[in-house]
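Below, each chain spelled out in residue letters.
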Amino acid sequence: MNIVMISPGYPLEMAYFTRALAAVGGTVIGVGDQPSSALPEEARNTLAHYEHVSLSDEGAVLGALQGLARHVSIDRVECLWEPYMILAARLRESFGAPGMTVEQTVPFRDKERMKQAIDAAGIRTPWHVSATTVAAVWEAAEHVGYPLIVKPIAGAGSADTYRVDSAQELAEVLPLLRHVPEVSVEEFVDGEEFTYDTVCADGSILFDNIMWYRPRPLQMKMHEWISPASIVLRDLTVPDLQGGRQMGAEVLDALGFRTGFTHMEWYRKSDGEAVFGEIGGRPPGARAVDLMNYATDGDVFVAWADAVVHGQLSQPLERRYNAGGVFKRAQGVGRITHIEGLDKLLAEYGEHVMVVDLLPVGAPRRDWRAVLISDGMIIVRHPELQPVIEMTERFAAELHMYAS
């Protein structure tokens with residue numbers, strides 16, 4: 001099977017998905033705007049062919065692949081990077097390859113169309129309306145009331161997303177959104193936030209995952225001092241998670257998703273009600289797939305590739321651990337000068353610490369607003385949930401990085 005992989009080396013985790021396709025027997029043709037020499041080794045060494053072309057130039061991508069198609073068949077087109085999912089859908093239509101069409105893909109990129117489809121299926125979503133003008137945003141705010149959320153119709157993660165608690169705050173936020181052509185104004189749902197992630201084949205869920213955000217992403221975005229944590233949960237059968245898990249399956253049916261990776265976010269209110277947030281036809285970022293791997297002692301990259309190439313998993317994924325990731329943000333600006341508290345925490349929890357990936361002394365700080373992994377990450381795991389909660393809280397509170 002000849003598989004075109006759009007952007008096989010960027011973002012970095014795409015290289016692991018590219019490698020996985022080759023590992024399960026796919027012949028992988030890469031198309032990307034990185035020079036071949038800049039591709040991560042994991043991708044470069046497993047590609048049968050690579051076309052270096054600007055992904056923003058749809059005509060150039062199509063032309064390159066039409067030339068290639070004179071010599072080899074193009075059996076599938078895959079893209080796991082959100083900005084180019086529509087491009088991948090257009091290529092599928094051009095070459096008659098299976099997978100999501102443009103019409104099926106649009107609701108995964110346009111958050112208003114997404115929620116309209118979910119609403120039509122009778123699934124609980126926050127009240128929402130799209131707006132392309134400042135006046136329309138004010139009108140929507142009058143209808144929904146405060147607090148509310150304003151975010152881009154097309155976007156990923158919490159970029160350009162704001163909680164607004166008053167008319168005064170809305171007036172302050174609107175100038176920050178001048179570059180966003182269309183926004184969604186929606187009800188703020190007060191509750192805890194989780195993900196529902198799946199690997200599917202032919203409409204069947206082969207693997208599912210729930211991850212718990214601590215705190216909610218909007219709070220992570222607002223305060224630099226927070227060390228955000230995400231916990232992949234071992235036991236998905238507990239009653240508190242059933243509403244979200246059932247809703248996730250209903251959302252996939254409503255959107256007609258068949259094969260690949262999905263990443264849904266949802267809220268659990270204090271009364272137990274599950275409310276849909278949004279969904280992408282892609283894996284979660286910020287090393288969440290690594291957390292799934294540590295939780296299962298498996299390879300979720302390969303599981304996705306198996307689903308795409310063979311329609312089934314060659315090896316079942318068993319949830320064995322709760323796995324937690326903590327993202328650290330250094331105090332100060334400039335370069336990392338020193339790290340405190342790590343040795344003490346490793347002495348206490350060393351056998352449960354899977355990854356210590358912190359920026360070294362001398363490295364420049366990353367922009368915590370733009371990069372969730374910030375200045376480094378710790379991954380811990382344990383069969384029981386409470387020890388993982390404790391470890392993530394301790395690493396968040398007692399591990400300190402400093403910059404100047």
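Residues numbered from 1 in each chain as written. Predicted model: local features only at pLDDT ≥ 70, side-chain atom pairs only at ≥ 80, totals over all residues. Heavy atoms only, no water.

(A) Seen up close, the sheet that holds strand β3 (residues 47-52). Taken in spatial order, the four strands make up an open sheet running β3-β2-β1-β4, and their pairing is parallel. Since the sheet does not close on itself, it has two edges, and those belong to β3 and β4 (76-78), each with one partner. With direction set aside, neighbouring strand axes in the sheet form an average angle of 20°. For strand β1 (residues 2-6) and strand β2 (residues 27-32), the ladder comprises five bridges, and the chain directions are parallel. By the bridge assignment, Met5 is partnered in β2 with Gly30. (Pairing = 2+ DSSP bridges. Helix = DSSP H or I, 4+ residues; strand = E, 2+ residues; numbered from the N terminus. Axes fitted to C-alpha atoms, helices over the stretch in contact; angles between N-to-C directions.)

(B) Inspection of a nonpolar patch on the surface at higher detail. Residues Val134, Trp138 and Tyr146 make up a contiguous nonpolar surface patch of about 260 Å² in total accessible area. For Trp138, the position within the fold is in helix α7 (residues 134-144). (Patch = residues over 30% accessible without salt bridge, like charges linked within 9 Å, V, L, I, M, F, W, Y side chains within 5 Å. Areas by Shrake-Rupley, 256 points an atom, 1.4 Å probe, with all protein chains shown as cover. Salt bridge = Lys/Arg side-chain N within 4 Å of Asp/Glu carboxyl O.)

(C) Region of the structure containing the packing of helix α5 (residues 102-109) against helix α6 (residues 111-120). Running from N to C, α5 and α6 cross one another at 105°; their axes reach a closest spacing of 5 Å. Our classification of the angle between α5 and α6 gives roughly perpendicular. For the pair α5 and α6, the contacting residues are Val106, Pro107, Phe108 and Arg109 in the first and Lys111, Arg113 and Met114 in the second. The residue makeup of the contact of α5 with α6, split by class, is four nonpolar, no polar and three charged. (Parallel < 35°, antiparallel > 145°, perpendicular 65-115°, else oblique. Contact = heavy atoms within 4.5 Å. Nonpolar A, V, L, I, M, F, W, Y, C, P; charged D, E, K, R; others polar.)

(D) A look at the sheet that holds strand β5 (residues 128-131). Taken in spatial order, the four strands line up as β5-β8-β6-β7 in an open sheet, and their pairing is antiparallel. Unpaired on one side and paired on the other, β5 and β7 (162-164) mark the two borders of the sheet. Geometrically, the sheet is characterised by an average inter-axis angle of 25° between neighbouring strands, direction not taken into account. Packed onto the sheet, α6 meets β5, β6 (148-152) and β8 (183-187) and runs at close to 150° relative to β5. Helix-sheet contacts for α7 involve β5, β6 and β8, and the interaxial angle to β8 is about 15°.

(E) A look at the pairing of strand β10 (residues 204-209). Across five bridges, strand β9 (residues 191-201) lies against β10 in antiparallel orientation. The partner of Thr198 across the bridge, within β10, is Asp208. Hairpin connection between β9 and β10: a loop of two residues separates the two successive antiparallel strands, and Asp202 in this loop has a positive phi of roughly 50°.

(F) Highlighting α7. Those residues of α7 that sit buried are Val137, Ala140 and Ala141. Within α7, the buried residues cover an arc of 105° as seen down the axis, which keeps them to one side. With respect to the buried face of α7, the exposed residues turned more than 90 degrees away are Ala135, Glu139, Glu142 and His143. Buried residues along α7 sit in contact with β5, β6, α8 (167-173) and β8. Two residues or fewer past α7, Gly145 is found with a positive phi of approximately 80°. (Buried < 20%, exposed > 50% of the residue type's maximum accessible area, 1.4 Å probe, protein only. Arc of directions from axis to C-beta.)

(G) Spatial organisation of the environment of Leu55. Position of Leu55 relative to the elements: it lies in the loop between β3 and α3 (58-69). You can call Leu55 buried: its relative accessible area is 2%. A C-alpha to C-alpha distance of 8.3 Å links Leu55 and Ile6, two positions 49 residues apart in sequence. Among residues more than four places away in sequence, those in contact with Leu55 are Ile6, Ser7, Val31, Gly32, Asp33, Val61, Tyr84 and Leu87.

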